[in-house]
Amino acid sequence: MPKLITLQSHQQAQALFGPHDANIRLIEKELKVKITARGDTIKLSGRTQNVKDAARLIGHILDFQKDPQHKISTQDIYYLLRSLKAQTGTAKENVGYDYTVTSHVSQTKPIGPKTKGQQEYVEAILSHDIVLGIGPAGTGKTYLAMACAVNDLKNQKVRRIILTRPAIEAGESLGFLPGDMQDKISPYLRPLYDALYDMMEADRIEKYLETGIIEVAPLAYMRGRTLNESFIILDEAQNCSAEQMKMFLTRLGFDSKAVITGDITQSDLPGGKPAGLLQARNLLGDIAGIKIIHFTGADVVRHPLVQKIIEAYDKSSNL
């Protein structure tokens, strides 16, 4: 049975349909429905369940657009469609996710969870002092942690942000790279800078770096410190030795929060050396205040082919 949805304005219709109707064409293709527009009304036609799914999805998109800062893209709709298809049963959950925590971190675009795994991750960061985010590349582990850190700094929940990662050599010795020590470690820390500059104004970041409100440093620089009132992100933790991981975890001071991210399948540690992230996952899972989130290929928010590549490698490793 057809479903009619009334739009409030021409601008709302433009945002819903997207450039060259790309958004609506994607919904039609993926949900097997026909969408036609007549004035301020759109009509959904197709099988009953498909029409219900499409109406639920469009309803969420329209609610999302009520905030002037929120501009939904065709890519966002792709993630929402994937979420909808992953749900089972007739009483399906809401296809959207809670953007209230991270949506206003960026001045140019809303930032928030796009998959169920990412939603659980953000909720874990809000409610736990130590969170381990483990999973493949492209699942937003570092990016969402950074958004939560910036949000906490803006709301004065912490006094500083500390970003760190191990400087593990992957086929090229640091000694042969040009420049001083800062120049040598900069390539390893670049992903952290990239996420940071995506969420804050460049001049403010430079000021915060100069005053120590934001600190970006290799993991070795954390030894011997006590980090109070800080939001600490340890990235690429699969390259931490067991000793380094213990050292990092015991740096946590009062009113601080730590997020540890990594992909166990992409470790650059020398053969036979125990992986600190794997050991931490096995040892800390039952401790109150610590939460471990496992991401899968379904949480990948990069090019659709990335998810298929990860699935192919997972199947190969299981042979």
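The structure displayed is predicted, hence computed values, not measured ones.

A closer look at the sheet that holds strand E3 (residues 41-46)
Then, in step 1: Reading across the sheet, the three strands line up as E1-E3-E2 and stay open at both edges, with antiparallel pairing between neighbours. For this open sheet the edge positions go to strand E1 (3-6) and strand E2 (33-38), each flanked by a neighbour on one side alone. Going from strand to strand, the sheet's axes swing by 20 degrees on average, the running direction of each strand aside.
Then, in step 2: Across the sheet, helix H3 (residues 48-64) is in contact with E1, E2 and E3; its angle to E3 comes to roughly 150 degrees.

Observations concerning the nonpolar core
Then, in step 1: Grouped together as the largest cluster of nonpolar side chains are 33 residues, with contacts concentrated most on Tyr 121, Ile 125, Met 146, Leu 163, Leu 196, Met 200 and Phe 231.
Then, in step 2: Of all the elements in the fold, those that place two or more residues in this core are helix H5 (116-127), helix H6 (141-154), strand E5 (160-165), helix H7 (181-197), helix H8 (202-211), strand E6 (214-218) and strand E7 (230-234).
Then, in step 3: No other element matches the eight residues that H6 contributes to this core.
Then, in step 4: Ignoring any residue separated from it by four or fewer positions in sequence, one finds Tyr 121 in contact with Val 131, Gly 133, Gly 140, Lys 141, Leu 144, Ala 145, Val 259, Thr 261, Ile 293 and Phe 295.
Then, in step 5: Within the second largest apolar cluster, 26 residues are counted, among which are Ala 13, Ile 24, Leu 62 and Phe 64.

Observations regarding unusual backbone geometry
Then, in step 1: Although it is not a glycine, Lys 32 adopts a positive phi angle of roughly 55 degrees.
Then, in step 2: By the secondary structure assignment, Lys 32 is in the loop between helix H2 (22-31) and E2.
Then, in step 3: Within the chain, Glu 236 stands out as a residue other than glycine whose phi angle is a positive 55 degrees.
Then, in step 4: Position of Glu 236 relative to the elements: it lies in the loop between E7 and helix H9 (242-249).

Overview of the packing of H5 against H6
Two packed helices can be described by the angle between their axes and the distance between those axes.
Then, in step 1: Interhelical geometry of H5 versus H6 gives an angle of 40 degrees and a closest axis separation of 10 Å. Comparing their axes, H6 and H5 come out oblique. As for the relative orientation of H5 and H6, their crossing is right-handed in sense. For the pair H5 and H6, contact is made by Gln 118, Tyr 121, Val 122 and Ile 125 and by Lys 141, Leu 144, Ala 145 and Cys 148, respectively.
Then, in step 2: Looking at the contact of H5 with H6 residue by residue, the classes come out as six nonpolar, one polar and one charged.

Topic: the sheet that holds E7
Then, in step 1: Strands sit in the order E6-E5-E7-E8-E4-E9 across an open sheet of six strands; the sheet is parallel. Edge strands, defined here as strands with exactly one partner in the open sheet, are E6 and strand E9 (290-294). Across the sheet, the mean angle from the axis of one strand to that of its neighbour is 15 degrees, orientation sign disregarded.
Then, in step 2: The pairing of strand E4 (residues 130-134) with strand E8 (residues 257-262) spans five bridges and is classified as parallel. Across the sheet, the residue bridging to Ile 130 is Ala 258, located in E8.
Then, in step 3: Here H9 sits on the sheet and contacts E4, E5, E7 and E8; the angle it forms with E8, its principal contact strand, is near 155 degrees.

Some thoughts on H2
Then, in step 1: All buried positions along H2 are accounted for by Asn 23, Ile 24, Leu 26, Ile 27, Glu 28 and Leu 31.
Then, in step 2: Phi turns positive, to about 55 degrees, at Lys 32, one or two residues after H2.

A word on the confidence of the model for the protein chain
Then, in step 1: Model confidence for the protein chain is summarised by a mean pLDDT of 81, while 82% of its residues fall at 70 or above.
Then, in step 2: Here residues 88-94 is modelled with pLDDT under 50, and outside its nearest four sequence neighbours on either side it reaches nine contacts, counting other chains as well.
Then, in step 3: Predicted confidence is poor over residues 170-174, with pLDDT under 50, and the contacts of this stretch with residues over four places away or in other chains come to eight contacts.

Here we look at the environment of Leu 249
Then, in step 1: Along the polypeptide, Leu 249 turns up in helix H9.
Then, in step 2: As for Leu 249 and Ile 260, which are separated by eleven residues in sequence, their C-alpha atoms are 9.4 Å apart.
Then, in step 3: In this structure Leu 249 touches Ile 130, Ile 260 and Leu 284, once residues within four positions along its chain are discounted.

Brief notes about the packing of aromatic side chains
Then, in step 1: Considering all chains together, one arrives at one aromatic pair under this definition.
Then, in step 2: Note on Tyr 121 and Phe 295: the rings are 5.0 Å apart at their centroids and 75 degrees apart in plane angle, and the pair reads as edge-to-face. Separated by 174 residues along the polypeptide, Tyr 121 in helix H5 and Phe 295 in the loop between E9 and helix H11 (304-317) bring together distant segments of the chain. Take Tyr 121 and Phe 295: they sit in the same class, and that class is buried.

A closer look at the layout of surface pockets
Then, in step 1: Approximately 370 Å³ is the volume found for the second largest pocket.
Then, in step 2: Every residue lining the second largest pocket is counted, 18 residues in all, and those nearest its centre are Pro 136, Asp 263, Thr 265, Ile 310 and Asp 314.
Then, in step 3: Per element, the largest residue contribution to the lining of the second largest pocket is five residues, and it comes from H11.
Then, in step 4: Class assignment of the residues belonging to the lining of the second largest pocket gives a composition of nine nonpolar, six polar and three charged.

Basis of the calculations
- Residues numbered from 1 in each chain as written.
- Predicted model: local features only at pLDDT ≥ 70, side-chain atom pairs only at ≥ 80, totals over all residues.
- Heavy atoms only, no water.
- Pairing = 2+ DSSP bridges.
- Helix = DSSP H or I, 4+ residues; strand = E, 2+ residues; numbered from the N terminus.
- Axes fitted to C-alpha atoms, helices over the stretch in contact; angles between N-to-C directions.
- Contact = heavy atoms within 4.5 Å.
- Core = buried A, V, L, I, M, F, W, Y, C linked by side-chain atoms within 4.5 Å.
- Buried < 20%, exposed > 50% of the residue type's maximum accessible area, 1.4 Å probe, protein only.
- Parallel < 35°, antiparallel > 145°, perpendicular 65-115°, else oblique.
- Left-handed = near helix turned anticlockwise from the far one by under 90°.
- Nonpolar A, V, L, I, M, F, W, Y, C, P; charged D, E, K, R; others polar.
- pLDDT = per-residue confidence, 0-100.
- Phe/Tyr/Trp six-rings, centres within 6.5 Å; stacked < 30°, edge-to-face > 60°.
- 1 Å grid on protein atoms, 1.4 Å probe; cavity = no way out; pocket = protein on both sides within 12 Å on 5 of 7 lines; lining within 4 Å.
- Points joined across faces, edges and corners; volume = space filled by probe spheres on them.

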